[in-house]
Amino acid sequence: QKEVEQNSGPLSVPEGAIASLNCTYSDRGSQSFFWYRQYSGKSPELIMFIYSNGDKEDGRFTAQLNKASQYVSLLIRDSQPSDSATYLCARSGSARQLTFGSGTQLTVLP
Amino acid sequence: GAVVSQHPSWVICKSGTSVKIECRSLDFQATTMFWYRQFPKQSLMLMATSNEGSKATYEQGVEKDKFLINHASLTLSTLTVTSAHPEDSSFYICSPRGRGLSETQYFGPGTRLLVL
């Protein structure tokens, strides 16, 4: 079982729709979770992190964490073509190192 | 956010040569440096962790004698790929952490290595 699992996609949504990205993790002791966006050929950009159960909102992005279900999600509202990228879910280990999922490729269709 | 630079941004070299990649934290002191690599169509994988002034800790499957990490100062860490081979072709990305920083984890812009 992989430590962090994501659906690889690809996921396509029309412009203006809500994109929903999901991630599960195996280590119940995991504390912090991160969502990164990575454009082709570029380094990952942090979208947001979450460590408390519930929702965390930042602009068009909402991260949701459910520790009982070991589930993290990212919602992107009003999706734009510029949101087309690979989205990486990661958990932070005891030494703050990150373990990444395989990423979900999102395409927002104009 | 934290400012991190990497140099070079890309490098092409012949098989058997060594390549040094520099990672600098420009606006904070990096007490810890994580080095990741990303093969095409794959996700980031942690290679090693180094703390300033200490030897690096390597992840399973990463050869410490092949990937030399130096973290001699709080603003500079280097990764040297020794005797590079085509299978070492990858995207190498550093991620520094400093004292007092929040949970936010920043990445350098990455170095793309192509070994011919």
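Here the structure is shown first, and the text comes after it.
Details of the overall build of chain A
A tally of regular secondary structure across chain A gives zero helices and eleven strands. When its helices and strands are written in sequence order, chain A yields β-β-β-β-β-β-β-β-β-β-β. Relative to its length of 110 residues, chain A is compact, with a C-alpha radius of gyration of 13 Å against a globular reference of 13 Å. Taking the principal axes of its C-alpha atoms as reference, chain A extends roughly 40 × 30 × 20 Å. Split into buried and exposed, the 110 residues of chain A put 43% on the buried side.

Description of the pairing of strand E10 (residues 111-115) of chain B
Residue and element names in this part refer to chain B. Along E10, the buried face is formed by Thr111, Leu113 and Val115; none of Arg112 and Leu114, which line the opposite face, is buried. Where strand E9 (residues 90-98) lies against E10, three bridges are found, and the strand directions are antiparallel. Following the sheet pairing, Tyr92 is matched in E10 by Thr111.

As for the pattern of salt bridges
Side chains that differ in sign of charge can pair as their charged atoms come close. Tallied over the entire structure, the rule returns nine salt bridges over all chains. Among the ionic pairs, Asp83 of chain A bridges to Arg60 of chain A, the shortest N-O distance being 2.8 Å. Residue Asp83 of chain A is found in the loop between strand E8 (71-76) and strand E9 (85-92), and its partner Arg60 of chain A is found in the loop between strand E6 (54-58) and strand E7 (61-66); the two are separated by 23 residues along the sequence. In this structure, Glu22 of chain B engages Arg24 of chain B in a salt bridge whose closest nitrogen and oxygen atoms are separated by 3.5 Å. Take Glu22 of chain B: its relative accessible area is 25%, and that puts it in the partly exposed class. Among the residues examined, Arg24 of chain B registers a relative accessible area of 34% and is labelled partly exposed. The network of salt bridges with shared partners includes Arg37, Glu45, Arg60 and Asp83 of chain A.

With respect to the sheet that holds E8 of chain A
Residues and elements named next belong to chain A. Across the sheet, which stays open at both edges, the five strands sit in the order E1-E3-E8-E7-E6 with antiparallel pairing between neighbours. Among the strands making up the open sheet, the edge pair consists of strand E1 (4-6) and E6. The sheet shows a mean angle of 20 degrees between the axes of neighbouring strands, taken without regard to direction.

Things to note about unusual backbone geometry
Here the bond from His7 of chain B into Pro8 of chain B is cis, since omega is 0 degrees, no more than 30 degrees from zero. Tracing the backbone through its elements, the reader meets Pro8 of chain B in the loop between strand E1 (4-7) and strand E2 (10-13). Of note in this structure, Arg96 of chain A is not a glycine but carries a positive phi near 70 degrees. Relative to the elements of secondary structure, Arg96 of chain A occurs in the loop between E9 and strand E10 (98-100). Residue class for Arg96 of chain A comes out partly exposed when judged on its relative accessible area of 31%. You will see that Lys41 of chain B, though not glycine, has its phi angle at about 65 degrees, which is positive. Mapping Lys41 of chain B onto the fold places it in the loop between strand E4 (30-38) and strand E5 (45-51).

Here we look at the state of the cysteines
Residue and element names in this part refer to chain A. Taken as a whole, this structure holds two disulfides over all chains when the rule is applied. Covalently, Cys23 is tied to Cys89 through a disulfide, its sulfur atoms 2.1 Å apart. Where Cys23 bonds to Cys89 through sulfur, the torsion about that S-S bond is close to -75 degrees, and the disulfide is left-handed. One end of the pair, Cys23, is in strand E3 (residues 19-25); the other, Cys89, is in strand E9, and 66 residues separate them in sequence.

Rules used throughout
Residues numbered from 1 in each chain as written. Chains lettered and ligands numbered in written order. Predicted model: local features only at pLDDT ≥ 70, side-chain atom pairs only at ≥ 80, totals over all residues. Heavy atoms only, no water. Helix = DSSP H or I, 4+ residues; strand = E, 2+ residues; numbered from the N terminus. Rg over C-alpha atoms; globule rule 2.2 N^0.38 Å. Buried < 20%, exposed > 50% of the residue type's maximum accessible area, 1.4 Å probe, protein only. Pairing = 2+ DSSP bridges. Salt bridge = Lys/Arg side-chain N within 4 Å of Asp/Glu carboxyl O. Axes fitted to C-alpha atoms, helices over the stretch in contact; angles between N-to-C directions. Disulfide = S-S within 2.5 Å.

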